[in-house]
Amino acid sequence: MSAADPSAAPPAAAADPDGPDAVRLTWNAWPRSKVEASRCVVPLAATVSPARVQDPSAPAPLPYPPLRCKPPCSALLNPFARVDFAAKIWICPLCFSRNHFPPHYAAISESNVPAELFPQCSTVEYIVGGAPGAPAAAGAPPPPVFLFVIDTCVIEEELEYVKMAMRKAVALLPEHALVGLVTFGTQVHLHELGFSDLSKIYVFRGTKEISKEQILDQLGLAGAGRPGFPKMPQQPGGPQVNGMHPATTAGVNRFLLPVSECECTLSTLLDELQPDQWPVEAGHRAIRCTGVALSVAAGLLGACMPGTGARIIALLGGPCTEGPGVIVSKDLSEPVRSHKDLDKDAAPHFQKAVKFYDGLAKQLVSQGHVLDVFASALDQVGLAEMKVAIERTGGLVVLSESFGHSVFKDSFKRIFEGGEQSLGLSFNGTIEINCSKDIKVQGIIGPCTSLEKKGALCADTVVGQGNTTAWKMCGLDRNTSLTVFFDVSPSERSSQPGHQNPHLHIQFVTSYQHPEGQMRIRVTTICRKWVDGSTNTEELIEGFDQETAAVVLARYISLKMEMEEEFDATRWLDRSLIRLCSRFGDYRKDDPSSFSLHSNFSLFPQFMFNLRRSQFVQVFNNSPDETAYFRMLLNRETVTNSVAMIQPSLISFSFDSPPSPVFLDVASIAADRILLLDAYFSVVIFHGMTIAQWRNMGYQNQPEHEQFAQLLQAPHEEAQMIIKGRFPVPRLVVCDQHGSQARFLLAKLNPSATYNSAQDVAPGSDIIFTDDVSFQVFCEHLQRLAVQS
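Reading the values: rules and limits
Residues numbered from 1 in each chain as written. Predicted model: local features only at pLDDT ≥ 70, side-chain atom pairs only at ≥ 80, totals over all residues. Heavy atoms only, no water. Helix = DSSP H or I, 4+ residues; strand = E, 2+ residues; numbered from the N terminus. Buried < 20%, exposed > 50% of the residue type's maximum accessible area, 1.4 Å probe, protein only. Contact = heavy atoms within 4.5 Å. Areas by Shrake-Rupley, 256 points an atom, 1.4 Å probe, with all protein chains shown as cover. Pairing = 2+ DSSP bridges. Axes fitted to C-alpha atoms, helices over the stretch in contact; angles between N-to-C directions. Phe/Tyr/Trp six-rings, centres within 6.5 Å; stacked < 30°, edge-to-face > 60°. Salt bridge = Lys/Arg side-chain N within 4 Å of Asp/Glu carboxyl O. Parallel < 35°, antiparallel > 145°, perpendicular 65-115°, else oblique. Left-handed = near helix turned anticlockwise from the far one by under 90°. Nonpolar A, V, L, I, M, F, W, Y, C, P; charged D, E, K, R; others polar. Core = buried A, V, L, I, M, F, W, Y, C linked by side-chain atoms within 4.5 Å. Patch = residues over 30% accessible without salt bridge, like charges linked within 9 Å, V, L, I, M, F, W, Y side chains within 5 Å. Lys, Arg positive; Asp, Glu negative; His and termini not counted. Charge placed at Lys NZ, Arg CZ, Asp CG, Glu CD. pLDDT = per-residue confidence, 0-100.

Draft legend 1. Region of the structure containing the overall build of the protein. Helices and strands together make up the secondary structure of the protein, namely 21 helices and 29 strands. Within the protein, buried positions represent 58% of all 789 residues. The long-range fraction of contacts in the protein, counting pairs at least 24 apart against all pairs at least 6 apart in sequence, stands at 73%. As displayed, the protein has an accessible area near 32,300 Å², and 53% of this comes from carbon and sulfur atoms.

Laid out in structure tokens, this is it:
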């Protein structure tokens, strides 16, 4: 490692860095003992995208149920199983049990192998019916359900933006999709779409919490709610409640209607919708009962659509000031809670609101329903409190300044788009993990909830949602990523020579309602090598995935910062990095100049450098809502996307060379360059001083300067490509050197030139006003401390 390599851009990713299985591990070779695993510093963890769109070359979904190993293992048949074709037996690679093939596999032979045994089919999908072992469902699949919850405590202009977005959304929905509408301000209004002769509205007071029984009584659906809410299926492929209560059909026909039947009614309602009429006293905030509105929405879906895919899509324009879920009082003299207030326990409403949303999360999870939140306000709306309900139901979240901002408008539209732009929204999922005997599961960080399926595979130490080997995912999409933490726990028998198996296996079994409606089971089985960590460091190094490791550590410390008081993330990261470099670096003791790192580790120090400075660790300039938003997206996105959040990419456009990645360093700024920064949440096009002057003079409009016009256009085309493939849609910032918005770029750059070292700055470049250390200084300290250990 050399300090002359400041914040080098990561190498161009392969076409599909996640591979055919959409699984990435921090270590692709695992040490056999607990001690050696702890010496690896970076946890043994995997990121898995359970609903990613499969490669076109993958086999079509199989129209028959999968074969399971005998209990307690219950792993599914996979290509790593050994098969005795003569005896019609397969041996499970996880527990080594012998299983007989059922009669319908009688024709199996070495030349006639089912798809799930093909070596290249480590991931396969099955189309299944409602009951275990049933054939593919013959009936029509259940329609998707969208219940919109709209905040009317906004100004007229903002409400007009909401209406425009809603009209576009309804036009994009499939005709059989069911929609419902709840609006709220001081009170909650549930609109009966089935009564089209005139507007029929059920009104709920926003001042106090309403139980789901009271909601159903008021709606005339009490009979549907009495039996209680159906329990979640405890096992992938288990029974799914896709039908409706006989008593609930009337409720569905009144409040949730197919788009084809209620488009006119909905359009009329939107036309008539006005900002909340309740007067707001001077010096007070609007009275907004967000918690009651979401309770009403959850109660309605629980009565009408238990166990089938449904989403509550909440469009919020400000903080809850009344009833359950309050985050701030109506009095404007009380500021909305800050990070400092939360640290000092000086946020009087916070814990109570979190408790309310925790209860709402449990209700939604038991029903199999999702909470999506679109927060568009200059003030906070309470995302920090809602985080538990959004994350545990697998909901989507978008934070923007206004309903008129492209971040909201484009992101909202993306939910309903089909074709290539589709997010692949799936519903009602469960994921179950099976693994080799010497491996235990510590837990998952990501958009899911524990199903509390305890067993021998559960580790003593818990990370995130633990003490289980099965989790519920009410909502998931093609980018949903979960981080699973593992522990090595070898038995006495397996640690004896002669009993050691050279390979370990982990299987992820995901059951979910596909966007097309049918239930599917996806089975992904991976195989990796055991190595002796004390004698075979080379194989450990060769199997290290530095991008995945950086993302896993980012998610891990984000969780620790939320769960542990006084946790010093920067100090913890620094110590971990020193230990890692000391363990795997190549150096002579006490000689920093001799220090070097293997190429598999070479980018890791800069990932940690940028993570220390990122919005995940430094909360100083962010509100609790912003921090919650950043962390929710970090926890649910793919490794590639999460790396962009931690360490943005920087591309240079100039006359001298084709577009190319450059160092994420202030030295990359030049007067005759355009820089394109992809920081995931924002995309910045930054014009150097000379470029900006030429553009302001209009040279690009002159025929003889066509090349300059093309240079100006190129970063915009690249930015649109990035924006097109991303959700939420990032904010596009176009700025000039020394302009006010240049801060969006400067804040992300390595400060190799600051106001203290201005004499070293190249002409046309820039300096950063900061006291932060540069990457070069960071590396020097790291090398000095690593070689002392």
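Draft legend 2. Quick look at the sheet that holds strand 6 (residues 98-100). Within the open sheet, the three strands sit side by side as 4-5-6. Their pairing is antiparallel. A strand with exactly one partner marks an edge of an open sheet, and here the two such strands are strand 4 (82-84) and strand 6. Direction aside, neighbouring strands of the sheet carry axes that sit 25 degrees apart on average. Across three bridges, strand 4 lies against strand 5 (residues 89-91) in antiparallel orientation. Residue pairing for strand 5: Arg-82 is matched across the bridge by Ile-91.

Draft legend 3. Seen up close, the packing of aromatic side chains. Applying the stated rule across the entire model yields 34 aromatic pairs. When the centroid spacing of 5.3 Å and the interplanar angle of 50 degrees are considered together, the rings of Phe-609 and Phe-778 count as tilted. With Phe-609 in helix 15 (residues 604-613) and Phe-778 in helix 21 (residues 775-786), this pair connects stretches of sequence that are 169 residues apart. As far as burial versus exposure is concerned, Phe-609 and Phe-778 are alike and both buried. Members of the aromatic cluster, connected to one another through ring pairs, are Phe-146, Phe-148, Phe-374, Phe-403, Phe-408, Phe-412 and Phe-416.

Draft legend 4. Geometry of the pattern of salt bridges. The final tally for this structure, using the stated rule, is 31 salt bridges. One salt bridge in this structure joins Asp-625 and Arg-337, with 2.9 Å as the shortest N-O distance. Note that Asp-625 is positioned in helix 16 (residues 624-636) and Arg-337 in the loop between strand 13 (310-316) and helix 8 (339-343), a separation of 288 residues in sequence. When sorted by exposure, Asp-625 lands in the same class as Arg-337, which is buried. Its salt-bridge partner being Arg-588, residue Asp-591 comes within 2.5 Å of it at the nearest N-O pair.

Draft legend 5. Expanded view of the packing of helix 13 (residues 546-563) against helix 15. Between helix 13 and helix 15, the least distance of the axes is 10 Å, while the angle of their chain directions is 25 degrees. When the axes of helix 13 and helix 15 are compared, the pair comes out roughly parallel. Our pair here, helix 13 against helix 15, has a crossing hand that is right-handed. Here helix 13 contributes Gln-546, Glu-547, Ala-549, Ala-550, Leu-553, Ala-554 and Ile-557 to the contact with helix 15, which in turn contributes Phe-604, Phe-607, Met-608 and Leu-611. Of the residues in the contact of helix 13 with helix 15, the class split is nine nonpolar, one polar and one charged.

Draft legend 6. Spatial organisation of the nonpolar core. Counting residues in hydrophobic clusters, the biggest one holds 134 residues, and the most contacted among them are Trp-27, Trp-30, Phe-486, Ile-506, Phe-508 and Phe-604. Setting aside residues up to four positions removed in sequence, Phe-508 forms contacts with Val-23, Ala-46, Val-48, Ile-431, Glu-432, Ile-433, Val-484, Phe-486, Arg-522, Val-523, Thr-524 and Ile-526. Membership of the second largest hydrophobic core comes to 36 residues, among which are Leu-173, Ile-313, Leu-396 and Ile-415.

Draft legend 7. Quick peek at the pairing of strand 11 (residues 201-205). Of the two faces of strand 11, only one is covered, namely that formed by Tyr-202 and Phe-204; the face formed by Ile-201, Val-203 and Arg-205 stays uncovered. Both strand 10 (residues 187-191) and strand 11 contribute to a ladder of five bridges, which runs antiparallel. Looking at strand 11, one finds that His-189 is bridged to Val-203.

Draft legend 8. Structural context of the sheet that holds strand 17 (residues 439-445). Strand order in the open sheet formed by four strands is 1-3-20-17, with antiparallel pairing between adjacent strands. A strand with exactly one partner marks an edge of an open sheet, and here the two such strands are strand 1 (23-25) and strand 17. The average angle at which neighbouring strand axes cross in this sheet is 25 degrees, direction not considered. Pairing between strand 17 and strand 20 (residues 482-488): six bridges, direction antiparallel. The residue of strand 20 that forms the bridge with Gly-443 is Phe-485.

Draft legend 9. How the structure looks around the packing of helix 13 against helix 17 (residues 639-646). Running from N to C, helix 13 and helix 17 point in directions that differ by 70 degrees, and their axes come no closer than 9 Å. What the angle tells us is that helix 13 and helix 17 run roughly perpendicular. At the point where helix 13 passes helix 17, the crossing takes the left-handed sense. In this structure, helix 13 contributes Glu-547, Thr-548, Ala-550, Val-551, Ala-554 and Arg-555 to the contact, and helix 17 contributes Val-639, Ser-642, Val-643 and Ile-646. When its residues are assigned to classes, the contact of helix 13 with helix 17 shows six nonpolar, two polar and two charged.

Draft legend 10. Quick peek at a negative patch on the surface. On the surface, a cluster of negative charge is contributed by Asp-343, Asp-345, Glu-565 and Glu-566. Turning to its location among the elements, Asp-343 is positioned in helix 8.

Draft legend 11. Here's a closer look at helix 17. Burial runs high along helix 17: seven of the eight residues are buried. Of all the residues in helix 17, the buried ones are Val-639, Asn-641, Ser-642, Val-643, Ala-644, Met-645 and Ile-646. In this structure, the buried side of helix 17 is in contact with strand 1, strand 3 (45-48), helix 13, helix 15, helix 16 and strand 27 (674-678).

Draft legend 12. Inspection of the environment of Phe-508 at higher detail. If you trace the backbone, Phe-508 turns up in strand 21 (residues 503-513). The buried category is assigned to Phe-508, whose relative accessible area is 2%. Expressed as a C-alpha distance, the spacing of Phe-508 and Ile-526, which sit 18 residues apart in the sequence, is 8.7 Å.

Draft legend 13. Helix 15, seen in detail. Extensive coverage of helix 15 is indicated by the burial of nine of its 10 residues. Turning to helix 15, its buried residues number three or more, namely Phe-604, Pro-605, Gln-606, Phe-607, Met-608, Phe-609, Asn-610, Leu-611 and Arg-612. Buried residues along helix 15 sit in contact with helix 13, helix 14 (569-584), helix 17 and helix 21.

Draft legend 14. Main features of the confidence of the model for the protein. In this model, the protein carries a mean pLDDT of 87, and residues with pLDDT of at least 70 account for 89%. Across residues 130-138, where pLDDT falls below 50, the model places 16 contacts with residues more than four positions away in sequence or in other chains. A low-confidence stretch, residues 225-248 stays under pLDDT 50, and its non-local contacts, those more than four residues away or across chains, total 63 contacts.

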